[in-house]
Amino acid sequence: MIEKCMFPVAGYGTRFLPATKSMPKEMLPIVNKPLVQYGVEEAIEAGMTTCALVTGRGKRAIADHFDISYELEHQIAGSGKEAYLDSIRNVLDKGVFTMVRQREMKGLGHAILTGETLVGNVPFGVVLSDDLCLNDGPGVLAQMVELYNQFRCSIVAIMEVPEDEVHKYGVIAGEALKDGIYRVDRMVEKPKAEEAPSNLAIIGRYILTPDIFDILRETEPGTNGEIQLTDALQTQAQRGCVMAYKFKGRRFDCGSVPGFVEATDFVYHNIYSQP
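An account of the accompanying structure is given in this report. Throughout this document, residue positions are counted from 1 along each chain, in the order its sequence is written. Given that the model is predicted, a residue must reach a pLDDT of at least 70 before its local features are reported, and side-chain atom pairs must reach 80 or more before they are shown or counted; all residues, however, enter totals for whole chains, interfaces and linings. Water and hydrogen atoms were dropped before computing side-chain values, which therefore reflect all heavy atoms in the structure.

### Digging into helix 7 (residues 140–151)
Taking 1.5 Å per residue, 12 residues should reach 16 Å; helix 7 reaches 17 Å between its end C-alpha atoms and fits that length. For helix 7, the set of buried residues is Val140, Leu141, Ala142, Gln143, Met144, Val145, Leu147 and Tyr148. Helix and strand definitions follow DSSP, with helices as H or I runs of at least four residues and strands as E runs of at least two, each counted in order from the N terminus. Arg152 lies just past helix 7 and shows a positive phi near 55°. Here the expected length of a helix is defined as 1.5 Å per residue gap, with one fewer gap than residues. The buried label applies to any residue whose accessible area, calculated with a 1.4 Å probe on protein chains only, is under 20% of its type's maximum; exposed applies above 50%, and partly exposed to all values in between.

### Quick word on the pairing of strand 7 (residues 131–134)
On strand 7, burial covers both faces: Asp131 and Cys133 on one face and Leu132 and Leu134 on the other are all buried. The pairing of strand 7 with strand 13 (residues 250–253) spans four bridges and is classified as antiparallel. Within strand 13, the residue paired with Leu132 across the bridge is Phe252. Each pair of strands is called paired provided DSSP finds at least two bridges between the two strands.

### Describing the side chain of Thr230
Mapping Thr230 onto the fold places it in helix 9 (residues 229–239). Any two residues whose heavy atoms approach within 4.5 Å are treated as being in contact. Residues within four places of Thr230 in sequence aside, it is in contact with Gly170, Met187, Val188 and Glu189.

### Observations concerning the pattern of salt bridges
Definition used for salt bridges: Asp or Glu carboxyl oxygen within 4 Å of a side-chain nitrogen of Lys or Arg. Per the stated rule, a full pass over the model turns up 14 salt bridges. Members of the salt-bridge network, linked through shared partners, are Glu73, Glu82 and Arg89.

### Topic: the nonpolar core
Generally speaking, a soluble globular protein has its nonpolar side chains buried in company with each other. For the purposes of this section, nonpolar cores are sets of buried Ala, Val, Leu, Ile, Met, Phe, Trp, Tyr and Cys residues that join through side-chain atoms within 4.5 Å. Counting residues in each nonpolar core, the largest one holds 39 residues, and the members touching the most others are Phe7, Met48 and Phe66. Listing elements by their share of this core, those giving two or more residues are strand 1 (4–8), helix 1 (35–45), strand 4 (50–55), helix 4 (86–94), helix 7, strand 8 (154–160), strand 11 (200–208) and strand 12 (242–246). If you tally residues by element for this core, the top one is helix 7, at seven residues. Filtering out sequence-adjacent residues up to four positions away, Met48 remains in contact with Ile2, Glu3, Lys4, Cys5, Ala43, Gly125, Leu141, Val145 and Ile207. In this structure, Leu113, Ile158, Tyr206 and Ala232 belong to the second largest nonpolar core, which totals 29 residues.

These figures come from the coordinates and say nothing about function on their own.
This is the structure:
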């Protein structure tokens, strides 16, 4: 069983300034619950109860959220407002939270490498909280764990995107083994539309085997001088095996304002307002 999940949460969230000047973007609420909590709940559902948070300066609110607020608990004890804390209490009961700071913003690959001491030499999940994934059945990570148990290699979640949006994503190409499952032979980070190997884009859900850390250490900085996880996964695919999985569910890009608004509207009408 995969028991650990890493959450790279050190980014600045510049697309939501000035709101994110003093508040972590991962704490932006989708109705009444912060983005990062949705990701943690998905990880715990998949059996990943040890949550490793790779944080940065100005991210104290994330650590405080996954802790008990004794003053708040005291103030609302015995009142009807206690029910509002049920979801976070459930997370705190089931999860264990560890943290390390990413001192410099050098890309997702660098963030993953920073979290190595929290994970160790075991396979682990990765959740990018900007991507909110919802569905009626098992969560995306739970689906990927089932796939990992079959293939025992790194797995990336993918979805089809319009050709004029491929430049926003890491894009894969590979052999289709069965419907929605591909063995990756090529990965490109944010390609131009005419250079993209497909329209199958990687979204913020991964299962990684621990050899990724050694590969990241030898990966040269790529786009924008950052260490790209996509480049390391390309190396891993060439040396062994990386699978891509077209997940079941709906993904919202909450790193953008339109996606955030769309997610809020969907959650309000389909989850929050339901009896």
